[in-house]
Amino acid sequence: MSPRTPLKISQRLQHINTLINAPYDHIWDCCCDHGLLGAALLKRKAARNIHFVDVVPNLMFEVKLKLQRFFPDGELDKPSLDIASLCVPSADSLWQVHCVDVAKLDLAEKSQRQLIIIAGVGGDLTIELVQQIMARHPQHSLEFILCPVHHIYKVRTAMQQLGLGLVNEHLMQENKRFYEILHLSTTSQIPLTSVGSVMWDMDRELDRDYLQKSLKHYRNIDQGLLKTQQNGLLTAEQQKEKTTIDQVIAEYQGLGYNPASLLSPAIPSQLEPS
């Protein structure tokens, strides 16, 4: 975590780091784990204030010790810090560690520009955290960078329902795993779509592979539900799920890259009644 040596962070976190170029007053690195992303942001002074947030006490104790060692002059809650200086632009970034549930986070004043990063956790938790943060700060204009590890379609749909608009979005791959990175805002007027828009480039093999993998995943679910339906065992809840899955498949197909291998059923044998 030294400011004098390169930080060894994952490609995913480095990609998020490179997306942050606007002048923020506060960046909140939530569920920060070992604090590597926040440290990279602190090193390049990406915001006046960098916050490290996680609910695990041992991790936060370790992060604070490292920050005190390598960035000793930037601690926001040091007793010797002149709080009045926070109103004066500074060449250096300040940092603060918060051992707290992200859902209960108290943000800075609404007049300040703030970015909240939630990466590396599941889709359901991502949704819950964004919902709670927005509910606690209804008057704030906020930006989010989200990179969930699962259930991206569900996350996108939930963010639409919260009224968040698109700033940017990116698709990447690391260790044979695909990730969507969403940069969203409460003030953006650009609609967020359920399957992505500006992130797609079908000239890239990565994008084509991701689309094929996504369609295969949802088709497998659909074929299982169809088999249950043909056997007369589909519940009302499963019928609702099948309707949603059919919609997801149609939206992915609507992206405009539909070779025959993607249009054919993923598991044809499951279409036949048993």
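Now for a quick tour of the structure. (Residues numbered from 1 in each chain as written. Predicted model: local features only at pLDDT ≥ 70, side-chain atom pairs only at ≥ 80, totals over all residues. Heavy atoms only, no water.)

Description of the pattern of salt bridges
Evaluation of the coordinates by the stated rule reveals 11 salt bridges. Lys-64 serves as the salt-bridge partner of Glu-75, at 3.8 Å between the closest nitrogen and oxygen. Here Glu-75 is found in the loop between helix H3 (57-70) and strand S3 (94-99), whereas its partner Lys-64 is found in helix H3, with 11 residues between them in sequence. Asp-222 is paired through a salt bridge with Lys-242; the nearest N and O atoms lie 3.3 Å apart. (Salt bridge = Lys/Arg side-chain N within 4 Å of Asp/Glu carboxyl O. Helix = DSSP H or I, 4+ residues; strand = E, 2+ residues; numbered from the N terminus.)

Examining the nonpolar core
Ile-116, Ile-118, Phe-144 and Met-159 are the most contacted members of the largest nonpolar core, which totals 43 residues. In this structure Ile-116 touches Trp-28, Cys-30, Leu-107, Ile-133, Leu-142, Glu-143, Phe-144 and Ile-145, once residues within four positions along its chain are discounted. Ile-9, Leu-37, Ala-47 and Ile-145 belong to the second largest nonpolar core, which has 30 residues in total. (Core = buried A, V, L, I, M, F, W, Y, C linked by side-chain atoms within 4.5 Å. Buried < 20%, exposed > 50% of the residue type's maximum accessible area, 1.4 Å probe, protein only. Contact = heavy atoms within 4.5 Å.)

Let's talk about helix H2 (residues 36-43)
The buried count for H2 comes to 6 of 8 residues, which makes it a mostly enclosed element. Turning to H2, its buried residues number three or more, namely Leu-37, Gly-38, Ala-39, Ala-40, Leu-41 and Leu-42. Looking at the buried positions of H2, the neighbouring elements they touch are helix H1 (11-19), strand S1 (24-30), strand S2 (47-54), H3, S3 and strand S4 (114-119). Among the residues trailing H2, Lys-45 stands out with phi positive, at a value near 55 degrees.

Observations concerning the packing of H1 against H2
In the contact formed by H1 and H2, the axes pass within 10 Å of each other and the chain directions differ by 35 degrees. H1 and H2 meet at a crossing whose hand is right-handed. For the pair H1 and H2, the contacting residues are Leu-13, Ile-16 and Asn-17 in the first and Leu-37, Ala-40 and Leu-41 in the second. Tallied by class, the residues present in the contact of H1 with H2 amount to 5 nonpolar, 1 polar and no charged. (Axes fitted to C-alpha atoms, helices over the stretch in contact; angles between N-to-C directions. Left-handed = near helix turned anticlockwise from the far one by under 90°. Nonpolar A, V, L, I, M, F, W, Y, C, P; charged D, E, K, R; others polar.)

Considering the sheet that holds strand S5 (residues 142-147)
Pairing within the open sheet is mixed, and its 7 strands lie in the order S3-S2-S1-S4-S5-S7-S6. One side of each edge strand has no neighbouring strand; the edge strands of this open sheet are S3 and strand S6 (165-174). Each adjacent strand pair in this sheet contributes to an overall mean axis angle of 15 degrees, direction not counted. As paired elements, S5 and strand S7 (residues 177-185) share 4 bridges and run antiparallel to each other. If you follow Leu-146 over to S7, its bridge partner there is Leu-182. Each of S1, S2, S3 and S4 touches H2; the most contacted strand, S2, lies at about 170 degrees to it. (Pairing = 2+ DSSP bridges.)

Some thoughts on the side chain of Ser-188
Checked against the element boundaries, Ser-188 lands in the loop between S7 and helix H6 (205-230). Accessibility expressed as a relative area gives 17% for Ser-188, which makes it buried. Polar contacts involving the side chain of Ser-188 include one to the main-chain carbonyl oxygen of Leu-166, which spans 2.6 Å. Within the structure, the side chain of Ser-188 is placed 3.2 Å from the backbone nitrogen of Ile-190, a separation counted as a polar contact. Residue contacts for Ser-188: discarding those within four places in its chain leaves Gly-165, Leu-166 and Val-167. (Polar contact = N/O pair within 3.5 Å; in protein donor to acceptor, adjacent residues only side chain to side chain.)

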